[in-house]
Amino acid sequence: MARRVQNWHGRKETESMVILGCDVSLEHCGFCFLNEDGKLLNYLYFTNNKKEWLADVSHSIFLGLKREKDENLECYRVKRLSKITEKFQTILDEIYKETRVYFVVEDYAYGAQSTALCQIAEFTGIVKNKMYDFGGYIRLYDPISTKFFSTGKGNATKTEMLAKAKENEDFICNAPFKVVHKKEKPDDIDGPLTDVVDSYFLAKLVWTELKLRSGEIELKNLPEYQVLTFNRVTKSYPINILARDFIHKND
């Protein structure tokens, strides 16, 4: 029986299955809900920037994180982790338990060099735990697969991914962005819009996977770069996507 999925406007949609794409980071995140037809139901972003929140307040949550004058860094980091986890829980609370939910989140960039990598891993681990406890089906994709699926380029820029998202008539998003000027490289974009785009393609990727698994579409009917995405293996993932089960509780 189909159940209603509450979105962040208060409007309700009747859906028997939803896909929640999650692009998570420490002080900003993007989320997209797709229905069983692969169409965008809604999007949401978290931001710690008040101007970004006010730019699209009906689709955003302001984190309001601030390190106090006498607050040590370790304390602030734990406070930040607690706050953003709490806000993620508000999304889960709006999903009816009877709805079949597929969660998809980008896995760690194992080769990345960043002092924040361990903190991101902490938060991602909490998100996966909450997804698992919810009773949904979890899929992890590596960052290159997400970019390759959306553009055919494993090193695609945010600008290129946004251009591809706009080719889909269901992608309507008013989240803000800014232009980033890079030395000796073409300008790119950054901001909440890029988080939403990433979460959108994560959700589209798992929707396409589900359609392939059900036989409703065939690999031969996909663009070549998407076929390569589903056949792709890495050191971390020596088995291709279609041969890997979803992470979920035993029924």
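Everything here concerns the structure above.
Residues numbered from 1 in each chain as written. Predicted model: local features only at pLDDT ≥ 70, side-chain atom pairs only at ≥ 80, totals over all residues. Heavy atoms only, no water.

Student: Which parts of the structure should I look at to understand helix 3 (residues 117-134)?
Tutor: Each turn of an α-helix holds 3.6 residues, which means side chains three or four residues apart point in the same direction. Here helix 3 is 18 residues long and its end C-alpha atoms lie 26 Å apart, about the 26 Å a rise of 1.5 Å per residue gives. Along helix 3, the positions that sit buried rather than exposed are Q119, F123, T124, V127, K128, M131 and F134. In this structure, the buried side of helix 3 is in contact with strand 3 (17-23), strand 4 (28-34), helix 2 (73-93), strand 7 (100-106) and strand 8 (137-141). Two residues or fewer past helix 3, G135 is found with a positive phi of approximately 100 degrees. (Helix = DSSP H or I, 4+ residues; strand = E, 2+ residues; numbered from the N terminus. Expected span 1.5 Å × (residues − 1). Buried < 20%, exposed > 50% of the residue type's maximum accessible area, 1.4 Å probe, protein only. Contact = heavy atoms within 4.5 Å.)

Student: What should I look at first to understand the pairing of strand 5 (residues 40-47) in this one?
Tutor: For a regular strand, side chains alternate in direction, first toward one face of the sheet and then toward the other. Burial analysis of strand 5 places eight of its eight residues in the buried class, the great majority of the element. As judged from the seven bridges shared by strand 4 and strand 5, these two strands associate in the antiparallel manner. When the sheet's bridge partners are listed, G30 is paired in strand 5 with Y45. Following strand 4, the chain reverses through five residues before pairing antiparallel with strand 5; G38 in that reversal takes a positive phi of roughly 80 degrees. (Pairing = 2+ DSSP bridges.)

Student: Help me understand the packing of helix 5 (residues 158-165) against helix 6 (residues 192-214), please; the structure alone is not making it clear to me.
Tutor: What describes two packed helices is the angle between their axes and the distance between those same axes. Contact pair helix 5 / helix 6: the axes reach a minimum separation of 10 Å and the direction vectors enclose 60 degrees. Relative to helix 6, the element helix 5 is oriented oblique. In this structure, helix 5 crosses over helix 6, and the sense of that crossing is left-handed. Facing helix 5, whose interface residues are K158, M161, L162, K164 and A165, helix 6 presents L193, T194, V197, D198, Y200 and F201. Across the contact of helix 5 with helix 6, the residue classes tally to seven nonpolar, one polar and three charged. (Axes fitted to C-alpha atoms, helices over the stretch in contact; angles between N-to-C directions. Parallel < 35°, antiparallel > 145°, perpendicular 65-115°, else oblique. Left-handed = near helix turned anticlockwise from the far one by under 90°. Nonpolar A, V, L, I, M, F, W, Y, C, P; charged D, E, K, R; others polar.)

Student: In this structure, what is going on with the nonpolar core? I would like to understand it.
Tutor: I19, F171, V196, V197 and Y200 are the most contacted members of the largest nonpolar core, which totals 37 residues. Among the secondary structure elements, those contributing two or more residues to this core are strand 3, strand 4, strand 5, strand 7, strand 8, helix 5, helix 6 and helix 7 (224-231). If we skip the residues at most four places from it in the chain, V197 touches M161, L162, A165 and F171. With 30 residues, the next largest nonpolar core counts L92, F103, F123 and Y237 among its residues. (Core = buried A, V, L, I, M, F, W, Y, C linked by side-chain atoms within 4.5 Å.)

Student: Any chance you could explain helix 2 here in plain terms?
Tutor: Under the 1.5 Å per step criterion, the end-to-end length of helix 2 is 30 Å for 21 residues, consistent within 8% with the ideal 30 Å. Among the residues making up helix 2, those that are buried are Y76, R80, L81, I84, T85, K87, F88, I91 and L92. What you see down the axis of helix 2 is that its buried residues fit within an arc of 165 degrees, all on one side. Summarising the geometry of helix 2, the exposed residues directed more than 90 degrees from the buried face are V78 and D93. Contact partners of the buried residues in helix 2: strand 3, strand 4, strand 5, strand 6 (60-62), strand 7 and helix 3. (Arc of directions from axis to C-beta.)

Student: Is there a simple way to think about the environment of N72 in this case?
Tutor: Within the secondary structure, N72 sits in the loop between strand 6 and helix 2. Along the primary structure N72 and I19 are separated by 53 residues, whereas in three dimensions their C-alpha atoms are 38 Å apart. Here C75 takes part through its backbone nitrogen, which lies 2.7 Å from a polar atom of the side chain of N72. (Polar contact = N/O pair within 3.5 Å; in protein donor to acceptor, adjacent residues only side chain to side chain.)

Student: Sorry, what's going on with the sheet that holds strand 7 here?
Tutor: One key point about sheets: their strands pair by backbone hydrogen bonds, in either a parallel or an antiparallel sense. Taken together, the six strands give an open sheet; going across it, the order is 6-5-4-3-7-8, and neighbouring strands pair in mixed fashion. Sheet topology places strand 6 and strand 8 at the edges, where each strand pairs with a single neighbour. Within this sheet the neighbouring strands show an average axis-to-axis angle of 15 degrees, counted without direction. As paired elements, strand 7 and strand 8 share five bridges and run parallel to each other. Considered in strand 8, the bridge of Y102 is made with Y137. Against the sheet, helix 2 touches strand 3, strand 4, strand 5, strand 6 and strand 7, its axis set at about 165 degrees to strand 5. Contacts from helix 3 reach strand 3, strand 4, strand 7 and strand 8, with the element oriented near 170 degrees to strand 7.

Student: Got a minute to help me understand the environment of Y96 in this structure?
Tutor: For Y96, the location among the structural elements is in the loop between helix 2 and strand 7. We classify Y96 as partly exposed; its relative accessible area is 28%. In this structure the C-alpha to C-alpha distance between Y96 and S16, which are 80 residues apart in sequence, comes to 9.7 Å.

Student: Would you take a moment to explain the packing of aromatic side chains for this structure?
Tutor: Two aromatic rings, taken as a pair, are described by how far apart their centres are and by the angle between their planes. As enumerated under the stated definition, the model contains nine aromatic pairs in all. Ring centres of Y102 and Y137 lie 5.4 Å apart, and the angle between their planes is 35 degrees; this geometry places the pair in the tilted category. Of this pair, Y102 sits in strand 7 while Y137 sits in strand 8, placing them 35 residues apart in sequence. Neither residue differs from the other here; Y102 and Y137 are each classed as buried. A ring pair is formed by F103 and F134, whose centres lie 5.7 Å apart and whose planes are at 90 degrees; its orientation type is edge-to-face. Within this pair, whereas F103 is found in strand 7, its partner F134 is found in helix 3, the two being separated by 31 residues in sequence. Residue F103 shares its accessibility class with F134, and that shared class is buried. Here R139 stacks its cationic end above the ring of F246, 4.3 Å away from the centre of that ring. Sitting above the plane of the W207 ring, K204 keeps its charged end 5.8 Å from the centroid. (Phe/Tyr/Trp six-rings, centres within 6.5 Å; stacked < 30°, edge-to-face > 60°. Lys NZ or Arg CZ within 6 Å of the ring centre and 35° of its normal.)

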